[in-house]
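# Structure assessment
The primary structure of each chain is shown beneath.
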Amino acid sequence: MEMPAAEATILNQREALITDLRSLLPADRIVIDQPSLRAYDRDALTAYRQLPLLVVLPDTVAEVSQILALCNRRNIKVVARGAGTSLSGGALPLEDGVLLSLGRFNKVLDIDYDNRCVTAQSGVTNLSISDAVADQNFYYAPDPSSQIACTIGGNVAENSGGVHCLKYGMTTNNILGLEMVLMDGTVIRLGGQHLDSEGYDLLGLLTGSEGLLGVITEVTVRILPRPEVARAVLLGFDNNEDAGQVVGNIIANGIIPAGLEMMDKFIIAASEDYCHAGYPLDVEALLIVELDGNPVEVDHLINQVVDIAKAGASTSVQVSNSEAERLRFWLGRKSAFPALGSLSPDYLCMDGTIPRSQLPDVLRRISALGVHHGLRVANVFHAGDGNLHPLIMYDSNIPGELEIAEAFGADILRLCVEVGGVLTGEHGIGVEKRDLMGVIFDQGDLNQQMRVKCAFDPEGRLNPGKVFPTLHRCAELGHMHVHNGELPFPELPRL
Amino acid sequence: MSEIFKPNTTEQLIDVIQWANAHESALAVQGSGSKIGIGRPVDAEGILDLSGFSGISQYEPNELVLTAGAGTPLADIETLLTEHRQMLAFEPPDYSGVFHDHLSEKQSSSSQKKGTLGGVLSGNISGPRRFYAGAARDHFLGFRAVSGRGDPFKSGGRVVKNVTGFDLSKLMAGSWGTLAACWEVTVKVLPMPEKTRTLLLFGLSDEDASRCIGSAAATPNSISGASYLPASLFTRSPQSSASSVFANNPQSSVIALRVEGPEPSVEHRINALRELLTTSKNYARPNHVEVLNSTDSRVFWNEIGNLHFLSSDFQASNTQQQACWRLSVPPAVGWQVAHNITEKVFKSNPKVSWFSDQAGGLIWLSCPVNSPAGAPTKNSEHSIRSAMEPWGGHATLWQVTGGDNAADHRRNTQVFQPQPKALAALTQRVKRSFDPNGVLNPGRMYTGL
């Protein structure tokens, strides 16, 4: 993946920029030496590394504003970073870009049980929001698997999901307000403690904008009362078709589980070796169906799911009868990534979404693509919402194998789009899928998105090289073709 | 007399908008016209009628997704979904029973009255289930549109979980047709609940009711409707309902809490709530408690969403101008906002009434368009906004009826919450990024936008 060429005019300003920054920040919050910069040279898309021009660690919104205004004046690129857990390279530094770390924005500012919301600085971790309200039996619903480390600001930037978003929604469905700083230093507040932000839904637009529109400094999230109980059912199947059919039947029966996960044979075997969760090994596919709510409802729905599974050719049915058993069902699923890490030096985690009904066909075709590219692939799948995570195993020490893995991944994502799906369900486009945007969007679609970018950041200085294959100049995008103004459709109905 | 353009194909739609750009001519964007009375009036030479883009093109019940022309009547969509026991979970309301002034001839057919799918999305208009299941925008998965530049584009997709590119569906929802003309939209649908029950608690004070609703919402009973009709609503005249809510019950304040789901769960939760809310020491005990069944619940919650309990203020025969305001506020302070406005601004004028929805976070206010004598400004807008200020949130002048110049009043009022300068400038730049010449619905949301 090519990043835009470093601009000499930026690299040449490094010393002057450092001097300017020292008037804004104490020296220990400006990271400039190589060994320290190395800690920031990648996010969770580990195949890509790049030392940033320098790193700044602001403490206050005023500092963020001043830093951005300074960089804007000097026409220097800026990449914002929370915990650096992006799986798509959203926080990958640029050689000619300042890396703005929100690591010090780590305070929960307000817990309001009466209005059922929490306001936190953007560098607060996802899990610590839930922890902060746990004693009152509340929690913050979106639960990306990196929730112990990932920040709420990063969650907003990426519109993060998690295994429970089938029932509780993604980040965008769970936030009420935010504060952000535009590239020119302007501070904007959106929403608050009330529902439905006023005017254009810029809150919704910012969510999932991958750090291209503004730097998020504060977020207000809704918190929910924790369900009284959760139980899970573990279902085994002889083939993916049967498993896919049961997923469809559960949804068709009006049941929206809290989580509905599928694992293929490779993952089952790998995670069983790794953590001994007690999964059946004689099956081709496993489903974990989790129901949460009050005990009466959960028991009722568990029985329905079991009936649907038995009617749908499930070969093994286990129902969790204790919290320990429920956690055991999840243990293998949650260990899937480290389990693969023990089997393969490297892997790429893909993230396409497909219509649920296409699942068996897509899994078959992914296997065929694996044979074609000569690489192993395993599948974990948020089956309830059609979000596929094929894990492509490769060895970066073998020259050319990363490129083969990437080509394989691209083929999978093209397949997702071909069957009516999309490139990414929850990881974001970032750097990783940037060059595939043309598979799903035509130039007109991309141009309109880039025009929106221009409304926030006219010089394209915020996180360039991400999301869009080529970031066009705003003046060029603003140009309009006005034809002679005659209506070439004289038959157009006019009333 | 405005010229009406009614394209049936994307090419024609592109052509109309490009023509408008070339002629510096503005277009008022409409579906069935059911929401003309909401927002600022548009001063446009032409009307862009999108009702030609009608029909459900793709509906797969097992995928919980539906794609339709933006001009498809909501009534048609709901009929089809009901056949499959599914629904639009954001519960699009129907205001046609309350606001009569703006219904044109065209809407005489009942299927048009509720408006179109594109219309409800472009206003991001949701009903009582909003705080539980999300707003219209949360169910809006993707669209195809022609921008105000006259360029076709699409965004989103047909799957629920999608972060591919900017989420322009969110931007379109609530933009009131000022950015682009959507011609095809895709929405998420959900299964209808098997059973519905509504717990009614009568006779609490406004403050106690707020506490009571707050404690109900803090339980894991998944309340999907939480509305409150204050005692003041019953003082002028008794309230009527097509449900049994007032059949055997006092005409007094009433809290309504809705619970939906499988039968055993619904019974369990209703009992848990009843037990909790009738024995708490944090607020007075209700003087009467009742539970509505599924059928009555459906009728009652439609009445809440459709503003039925304010309808006597907006009868077609009224000659005095009356305003309907929609106040979105932090839920726990909704009642205080309402009191501040009714008592401090309007000095307990009997022509002012309100009720709350969304667990207290949404106040529907009916009041005269003018402030009482002696107020700093004649238009009551300013006083209402000032009264809300301590608590945050936003106020929208939802509708004005009565008299001959209701539209003039909306034109002379900041219908949507005025924005701080930097946000207003950003809003303007976003608008220009879609519609640089301002041909689509100019002035519909803000003067000069």
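Residues numbered from 1 in each chain as written. Chains lettered and ligands numbered in written order. Predicted model: local features only at pLDDT ≥ 70, side-chain atom pairs only at ≥ 80, totals over all residues. Heavy atoms only, no water.

What follows deals with the packing of helix α7 (residues 206-217) of chain B against helix α8 (residues 263-277) of chain B. All names here are of chain B. In contact at an axis separation of 11 Å, α7 and α8 are set at 140° when each is read in the N-to-C sense. By the angle class used here, α7 and α8 are oblique. For the pair α7 and α8, the sense of crossing is right-handed. On α8, the residues that touch Cys212, Ser215 and Ala216 of α7 are Leu273, Leu276 and Leu277. Looking at side-chain class alone, the contact of α7 with α8 contains five nonpolar, one polar and no charged residues. (Axes fitted to C-alpha atoms, helices over the stretch in contact; angles between N-to-C directions. Helix = DSSP H or I, 4+ residues; strand = E, 2+ residues; numbered from the N terminus. Parallel < 35°, antiparallel > 145°, perpendicular 65-115°, else oblique. Left-handed = near helix turned anticlockwise from the far one by under 90°. Contact = heavy atoms within 4.5 Å. Nonpolar A, V, L, I, M, F, W, Y, C, P; charged D, E, K, R; others polar.)

We now examine helix α1 (residues 10-22) of chain B. All names here are of chain B. For α1, with 13 residues, the first-to-last C-alpha span of 18 Å sits near the 18 Å given by 1.5 Å per residue. Most of α1 sits out of view: eleven of its 13 residues are buried. Among all positions in α1, only Thr10, Gln12, Leu13, Ile14, Asp15, Val16, Ile17, Gln18, Trp19, Ala20 and Asn21 are buried. If you follow the buried residues of α1, they end up packed against β1 (3-5), β2 (27-30), β3 (46-49), β7 (140-147), β8 (152-156) and β9 (180-188). (Expected span 1.5 Å × (residues − 1). Buried < 20%, exposed > 50% of the residue type's maximum accessible area, 1.4 Å probe, protein only.)

Looking now at the sheet that holds strand β17 (residues 377-382) of chain A. Residue and element names in this part refer to chain A. One open sheet accounts for seven strands, arranged β15-β12-β14-β13-β17-β18-β16; its pairing is antiparallel. Strand pairing shows two members of the sheet lacking a second neighbour, β15 (314-319) and β16 (346-349), which therefore form its edges. Each strand of the sheet is rotated relative to its neighbour by a mean of 20°, with strand direction disregarded. The strands touched by helix α11 (residues 295-311) are β12 (229-237), β14 (285-293) and β15; relative to β12, the strand with the most contacts, the crossing angle is about 5°. Its contacts with the sheet put helix α15 (residues 401-418) on β16, β17 and β18 (387-394), and the angle it makes with β18 is roughly 160°. (Pairing = 2+ DSSP bridges.)

Residue and element names in this part refer to chain A. If you trace the four strands from one edge of the open sheet to the other, you get β1-β2-β4-β3, paired in mixed fashion. A single partner strand is all that each edge strand has here, and the edge strands are β1 (30-31) and β3 (77-81). The pairing of β3 with strand β4 (residues 97-101) spans five bridges and is parallel. Bridge pairing links Val79 to Leu99 in β4. Across the sheet, helix α2 (residues 14-22) touches β1, β2 (54-56) and β4, and the angle it forms with β2 is around 15°.

With that out of the way, let us pick up unusual backbone geometry. All names here are of chain B. The residue Arg85 is not glycine, and still its phi comes out positive at about 55°. Arg85 sits in the partly exposed class, given a relative accessible area of 46%. The backbone of Asn441 shows a phi angle near 45°, a positive value even though the residue is not glycine. With respect to the helices and strands, Asn441 occurs in the segment after α13 (421-434).

Residue and element names in this part refer to chain A. Between helix α9 (residues 240-252) and helix α14 (residues 359-373), whose axes approach to 8 Å, the crossing angle comes to 145°. In the crossing of α9 with α14, the sense of the turn from one axis to the other is right-handed. Residue-level contacts link Asn240, Glu241 and Gly244 of α9 to Leu359, Pro360, Leu363 and Arg364 of α14. Here the contact of α9 with α14 is composed, by residue class, of three nonpolar, two polar and two charged.

According to the stated counting rule, one finds 22 aromatic pairs over all chains in the structure shown. Taken together, a centroid distance of 6.2 Å and an interplanar angle of 85° make the contact between Tyr139(A) and Tyr168(A) edge-to-face. Of this pair, Tyr139(A) sits in strand β7 (residues 138-139) while Tyr168(A) sits in helix α7 (residues 165-168), and the two are 29 residues apart along the sequence. In this pair, the class of Tyr139(A) matches that of Tyr168(A), namely buried. With a centroid separation of 5.9 Å and an interplanar angle of 75°, the aromatic rings of Phe337(A) and Tyr347(A) are classed as edge-to-face. Of the two residues, Phe337(A) is situated in helix α13 (residues 336-343) and Tyr347(A) in strand β16; the sequence distance between them amounts to ten residues. By relative accessible area, Phe337(A) is classed as partly exposed at 22%. Given a relative accessible area of 27%, Tyr347(A) falls into the partly exposed group. Aromatic rings pair up to connect Tyr95(B), Phe99(B), Trp176(B), Phe314(B), Trp364(B), Trp398(B), Phe416(B) and Tyr446(B) into one cluster. Lying across the ring of Trp330(A), Lys334(A) places its NZ or CZ 5.6 Å from the centre. A cation sits over an aromatic face here: Arg326(B) above Trp398(B), 5.7 Å from the ring centre. (Phe/Tyr/Trp six-rings, centres within 6.5 Å; stacked < 30°, edge-to-face > 60°. Lys NZ or Arg CZ within 6 Å of the ring centre and 35° of its normal.)

Looking now at the state of the cysteines. Residues and elements named next belong to chain A. With the rule as written, the count across this model stands at one disulfide over all chains. Bridging Cys454 to Cys474, the disulfide has an S-S length of 2.0 Å. Disulfide Cys454-Cys474: torsion about the S-S bond near -95°, hence left-handed. A residue pair is termed long-range when its members are at least 10 positions apart, and Cys454 in helix α17 (residues 443-456) and Cys474 in helix α18 (residues 474-478) qualify at 20 residues. On the basis of relative accessible area, Cys474 is assigned to the partly exposed category, the value being 21%. Among the cysteines around Cys71, which has no disulfide bond, Cys474 carries the closest sulfur, lying 18 Å off. Judged by its relative accessible area of 0%, Cys71 is buried. (Disulfide = S-S within 2.5 Å.)

The subject of this paragraph is the domain arrangement of chain B. A common way to state how big an interface is: give the accessible area lost once the parts meet. Residues and elements named next belong to chain B. Here the domain parsing of chain B yields domain 1 (3-191), domain 2 (195-305) and domain 3 (308-411). Computed from C-alpha atoms alone, the centre-to-centre distance between domain 1 and domain 3 is 27 Å. At the interface, 19 residues of domain 1 touch 18 residues of domain 3. At the junction of domain 1 and domain 3, the tally comes to one salt bridge. (Domains from an automatic or database assignment. Salt bridge = Lys/Arg side-chain N within 4 Å of Asp/Glu carboxyl O.)

This brings us to the nonpolar core. If you look at the biggest cluster of nonpolar residues, it comprises 207 residues, and the most contacted ones within it are Leu202(A), Phe456(A), Leu117(B), Leu171(B) and Leu257(B). A total of nine residues in this core trace back to one element, the largest contributor, which is α15(A). Among residues more than four places away in sequence, those in contact with Leu202(A) are Leu190(A), Phe456(A), Leu171(B), Leu423(B), Leu426(B) and Val430(B). (Core = buried A, V, L, I, M, F, W, Y, C linked by side-chain atoms within 4.5 Å.)

Below, the discussion takes up the side chain of Arg129(B). Secondary-structure assignment places Arg129(B) in the loop between α4 (117-122) and α5 (130-133). In this structure Arg129(B) touches Met87(B), Leu88(B), Ala89(B), Glu91(B), Gly134(B), Ser224(B), Arg258(B) and Glu260(B), once residues within four positions along its chain are discounted.

Now for the interface of chain A and chain B. With 99 residues of chain A at the contact, the number on the chain B side is 90 residues. Taken together, both faces of the contact between chain A and chain B bury some 7,500 Å²; the carbon and sulfur share is 60%. A per-residue breakdown of the area chain A buries against chain B is headed by Asp196(A), Tyr200(A) and Met480(A), which together make up 11% of the total. On inspection of chain A and its partner chain B, the count reaches seven salt bridges. A salt bridge links Arg137(B) to Asp201(A); its shortest N-O distance comes to 2.8 Å. Those elements that provide at least two residues to the side of chain A that touches chain B are β9 (187-191), α8 (202-206), α9, α11, α16 (437-440), α17 and α18 of chain A. Looking at the side of chain A that touches chain B element by element, the count peaks at nine residues for α17(A). Considering only residue class, the side of chain A that touches chain B consists of 42 nonpolar, 35 polar and 22 charged. (Buried area = accessible area lost by both parts, 1.4 Å probe.)

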